Amino acid sequence: TGGAGGKIQIGVGSGATGTGGVVSIASGTTTAASSAGGALSLTSGSGTTDSGAITVSSPDGGAGGSSGALSLTSGASPAGSSGTLTLTSGAATGGAGGEISLRVGDGDTGVGGRVFVKAGKSTAGAGGEIQLLAGLSTTAAGGTVTMTSGVGATTAGGVSLVGAASAG
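In what follows, the accompanying structure is described. Just so we're clear, the structure is a prediction, and the values are computed from it rather than from any experiment.

As for the overall build of the protein chain
Here is step 1 of the chain: A tally of regular secondary structure across the protein chain gives 0 helices and 0 strands.
Here is step 2 of the chain: For 168 residues, the compact-globule estimate of 2.2 N^0.38 gives 15 Å, and the C-alpha radius of gyration of the protein chain, at 23 Å, exceeds that figure by more than 25%.
Here is step 3 of the chain: For the C-alpha atoms alone, the extent of the protein chain along its principal axes is close to 60 × 50 × 45 Å.
Here is step 4 of the chain: Excluding contacts between residues fewer than 6 apart, the proportion of contacts in the protein chain whose partners are at least 24 apart in sequence is 0%.
Here is step 5 of the chain: Accessible area for the protein chain stands at about 15,600 Å²; split by element, carbon and sulfur atoms hold 52% of it.
Here is step 6 of the chain: Here the protein chain contributes 5 positively and 6 negatively charged side chains, and the mean placements of these two sets differ by 12 Å.

Procedures and definitions
- Residues numbered from 1 in each chain as written.
- Predicted model: local features only at pLDDT ≥ 70, side-chain atom pairs only at ≥ 80, totals over all residues.
- Heavy atoms only, no water.
- Helix = DSSP H or I, 4+ residues; strand = E, 2+ residues; numbered from the N terminus.
- Rg over C-alpha atoms; globule rule 2.2 N^0.38 Å.
- Contact = heavy atoms within 4.5 Å.
- Areas by Shrake-Rupley, 256 points an atom, 1.4 Å probe, with all protein chains shown as cover.
- Lys, Arg positive; Asp, Glu negative; His and termini not counted.
- Charge placed at Lys NZ, Arg CZ, Asp CG, Glu CD.

See the structure below:
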């Protein structure tokens, strides 16, 4: 109570002739009727000024290789709804709202990276929606939605909004 908090560090050995070691953390499963599997929670500590950060990253790749992938996936469901994936930046009462940034890396020998957003299909109802909503303001102008194509050495990229044809 009178000093700094403790530290837990989990590490696994490196490999010199094969792949590096693996760290796997899994919550418990259950076979009991109408019961949920165990939750896995990763929470940083609170502070009197800032809360702690959580960083999930894959390191740079070696010469001639690729960097590691980072995957956030919710599971499929055979009878109910699949899980939800939510990225939320917290609200602020004494400052500006947070920011969510999605960006891919640059390429120097091929095309630049791609951001792909796709709503789900349905075989029993309407397909999923994609909504881009700018923020509202109760005291000033509302937010702006801007779509800008990339600058090119020969031709700038285009912006296309296409309504698909009906299958029926």
